[in-house]
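Listed below, chain by chain, are the residues.
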Amino acid sequence: MRIPIIAGNWKMNKTISESTYLVNEIKESHLREDVEVVVAVPFTSLTEVKKAIEGTRIKLAAQNMHWEGQGAYTGEISPLMLKEIGIDYCIIGHSERRQYFNETDETVNKKAIAALSYSIKPIICVGETLEQREKNEEEKVVEEQILKAFEGIEEGQIKDIVIAYEPVWAIGTGRTASSEDANKMCGFIRKIIGYKYGEQAAKTIRIQYGGSVKPTNIKELMDMDHIDGALVGGASLVADDFVKIVNY
Ligand code: PGA
């Protein structure tokens, strides 16, 4: 049984005080108990949000991290630093980082391995661009992203990894993949995990869909066999919408 996981990716939004306000609104709402709820907040807000969610079931995520524990990497944040804050998850390889900050499959792989070594669960993002989809290359692209991201990762670590399938053309565009298309790609990703790690791993790994998830389309997505949750951007910034998504 895979426990559904719904994560809000706040991206570069919310100051510390705004973050505390939003997370308090979320925690005071009724949240479905059979769903794991995660908030991925800016680095600056992690400590305060961690305090605010203490004693609740809400889990905390960072949105990125470096792969080294420490060193001369001006401006970077290390897994060691994040571990001390007490984060549970870290988003790795979001398409915005691939697009604007030169994140590559190699750095995604290094970060995923580093996260696991610090007992931080990576949420590894993959997904094709519109151009790639128009050329029918979505499976080829996603397969390559998955195989590279998982290099050197062992079967026993699969239970601690979440994959987020996020077609780039659906992020922040209001254009959601149809639930059938999203399910097909999540099923395809599960198949790749099955080839690499065996049937049990394929059954265990949780795969989220991301890209313009809203209160109005979440139910349909979650009804699909291979979709185990959602990575929610824009709609996670409004407590009421995020709570509706969690309680789909
Ligand atoms: P969106 O973003 O829900 O605003 O499309 C999703 C994401 O980037 O994780």
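Let me sum up the structure you'll find in this document. Position numbers for residues start from 1 in each chain and track the written sequence from start to end. Where local features are concerned, this predicted model is filtered to residues with pLDDT of at least 70; where side-chain atom pairs are given and counted, the filter is 80 or more; whole-chain, interface and lining totals use all residues. Processing note: side-chain calculations cover all non-hydrogen atoms of the structure and skip hydrogens and water entirely.

## Things to note about the layout of surface pockets
Which parts of space are left empty comes out when a probe the size of a water molecule is rolled across the atoms. What counts here: Cavity and pocket criteria rest on a 1 Å grid covering protein atoms alone: a 1.4 Å probe that fits but cannot get out defines a cavity, protein on both sides within 12 Å along at least 5 of 7 lines defines an open pocket, and an atom within 4 Å of a point defines a lining residue. Grid points are joined across faces, edges and corners, and a volume is the space filled by probe spheres set on the points. Secondary structure elements are defined from DSSP: runs of H or I of at least 4 residues count as helices, runs of E of at least 2 residues count as strands, and each element is numbered from the N terminus. Polar here means any residue outside two lists: the nonpolar Ala, Val, Leu, Ile, Met, Phe, Trp, Tyr, Cys and Pro, and the charged Asp, Glu, Lys and Arg; Gly therefore counts as polar.
Its volume calculated, the largest pocket comes out at about 540 Å³. For the lining of the largest pocket, the leading source of residues is helix α4 (residues 95-100), giving three residues. Residue classes in the lining of the largest pocket are distributed as nine nonpolar, seven polar and four charged. Each pocket or cavity is described by its volume, and for the second largest pocket that value is around 210 Å³. Looking at the second largest pocket, the residues that line it are Ser95, Arg98, Gln99, Asp105, Gly127, Thr129, Gln132, Lys140, Val141, Glu144, Gln145 and Val168. Where the lining of the second largest pocket is concerned, the elements lending two or more residues are α4 and α7 (138-149). Ranked by residues supplied to the lining of the second largest pocket, first place goes to α7 with four residues. Across the lining of the second largest pocket, the residue classes break down as two nonpolar, six polar and four charged.

## Section: the site of the ligand
As a reminder, the rule being used: Throughout, near means a residue has at least one heavy atom within 4 Å of the molecule or strand. Any pair of N or O atoms that falls within 3.5 Å is considered a polar contact. Within protein, one atom must be able to donate a hydrogen and the other to accept it, and sequence-neighbouring residues count only if both atoms are side-chain atoms.
Contacts to the ligand come from 13 residues, most closely from Lys11, His94, Glu166, Gly172 and Ser212. Here Glu166 contributes a side-chain N or O atom positioned 2.7 Å from an oxygen atom of the ligand. In terms of residue class, the shell around the ligand is built from four nonpolar, seven polar and two charged.

## A look at the nonpolar core
To be explicit about the condition: Note on terminology: a nonpolar core comprises buried Ala, Val, Leu, Ile, Met, Phe, Trp, Tyr and Cys residues joined through side-chain atoms within 4.5 Å. Relative accessibility decides the category of a residue: with a 1.4 Å probe and only protein chains considered, values under 20% of the type maximum give buried, values over 50% give exposed, and everything between is partly exposed. Residue contacts are counted whenever heavy atoms from the two residues lie within 4.5 Å of one another.
With 69 residues, the main nonpolar core has Ile6, Ile26, Val39, Ile146, Phe150, Ile163 and Tyr209 as its most contacted residues. At eight residues, helix α8 (residues 179-197) tops the list of elements feeding residues into this core. Beyond its immediate chain neighbours, meaning those up to four positions away, Ile146 contacts Val126, Ile163, Ile189, Ile192 and Ile193.

## Concerning the packing of aromatic side chains
Condition: Each pair of aromatic rings taken from Phe, Tyr and Trp, with Trp reduced to its six-membered ring, is defined by centres within 6.5 Å and is described as stacked if the planes are under 30 degrees apart, edge-to-face if over 60, and tilted in the remaining cases. Comment: the charge-over-ring label is applied if NZ (Lys) or CZ (Arg) is within 6 Å of the ring centre and within 35 degrees of the ring normal.
On inspection of all chains with the given rule, the structure shows three aromatic pairs. The ring of Tyr248 carries Arg32 above its face, with NZ or CZ at 4.2 Å from the centroid.

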